Amino acid sequence: MSEKSWIEITNDDGKVFSGYLSLSHSGKGPGLVLVQEIWGVNEHIRALADMYALAGFTVLAPDVFWRNGPRTDLMYGESDTKTAREKMSALDNAQAARDVAQAAEFLRQRSDTGGKVAILGFCLGGQLAYRAAPIAKADALVAFYGGGIDKHLDVANYVTMPALFHFAEDDAHIPATSVDAIRQAVAANPRARVQTYAAVGHGFCCWGRPMYDQRNAAIAHGRTLDFLGSHL
C-alpha cells in the first residue's frame, strides 16, 4: 500500500512549510510536484496526489498558502470559495513559485526519485508550475488550465524542458486569445505542446465542481501519464 503523510520542507529563506507526500506502492518512482488550486491542498488535490502515486510517482503537493494560514483545506461552496479567492489575492506569486521550486529540489534530493522531477499544477497551480519549472530546472512541466500564464509570457523563453499545457475551449477565465498567445510563446520549444478540449470549461478535471467532465478529464490525465512516462 502506498504511504501518505505530511512532511516539512525548508525553503531558500530557511523557513519551513509543509507538503502532502504520497509514495508509490514500490516506495520509489520519479518525483512529481503537484501544485494546488486556490482551495488549497484539499481532498481533491490529495486524491490526485494519491492517483499519481498509484501510477508509480513520488508525489509532493506543497502548501503554497502557508504564509497566510497553513494547510488550507477548502471546498467549492460560496463561502469557502470567497476565502480561497482572498488567499489567492494575498499570495505573492513569485515567492510561491520559488517555494514550488524548492519542493521540486526536495524531491530531487530523495533517493527514491532517482533525481528526476516534474512539476504539474492546476489553475493557480498551473501558473505556479510554469513559473517554477525553469527555476527548479524541472525535467518536465504540465499545466492544467493555468490562469495567468499569459501575463508572464517572458518565462516561456526559459521553458526548455518538455512541457504540456491543457486548456478548455470554453474557459470563461482563459480566453482563446490567451491560449493562442501561450502557444506562440512556447513555439520555439519543440518539446512543448498545447492541448485544448472542446465543449468544456475551466476546472473540467475537478470532480468536486459542477464543470467536471469525466470523459475529457480521463483523456487529459491519460495524456499526462503518457507524457510523464515518456520524459521521466
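Above: the structure in question.
First, a word on scope: everything that follows refers to the structure included in this document. Please read these numbers as outputs of a predicted model, since none were measured by experiment.

### As for the pattern of salt bridges
- Under the counting rule described, the total for this entry stands at ten salt bridges.
- Note that Asp 99 and Arg 67 form a salt bridge whose closest N and O atoms lie 2.5 Å from each other. Placement of the pair is Asp 99 in helix α3 (residues 93–108) and Arg 67 in the loop between β4 (58–62) and α2 (78–90), with a sequence separation of 32 residues.
- For Asp 99, a relative accessible area of 2% translates into the label buried.
- Among the residues examined, Arg 67 registers a relative accessible area of 35% and is labelled partly exposed.
- Between Glu 105 and Arg 108 there is a salt bridge whose closest N-O contact spans 3.7 Å. Here Glu 105 and its partner Arg 108 are both found in helix α3, three residues apart, which amounts to about one turn of the helix.
- Relative accessible area serves as the criterion here: at 29%, Glu 105 is assigned to the partly exposed category.
- Linked by salt bridges that have partners in common, Glu 105, Arg 108 and Asp 139 make up one network.

Rules used throughout
- Residues numbered from 1 in each chain as written.
- Predicted model: local features only at pLDDT ≥ 70, side-chain atom pairs only at ≥ 80, totals over all residues.
- Heavy atoms only, no water.
- Salt bridge = Lys/Arg side-chain N within 4 Å of Asp/Glu carboxyl O.
- Helix = DSSP H or I, 4+ residues; strand = E, 2+ residues; numbered from the N terminus.
- Buried < 20%, exposed > 50% of the residue type's maximum accessible area, 1.4 Å probe, protein only.

Don't take any of this as a statement about function, it's just geometry.
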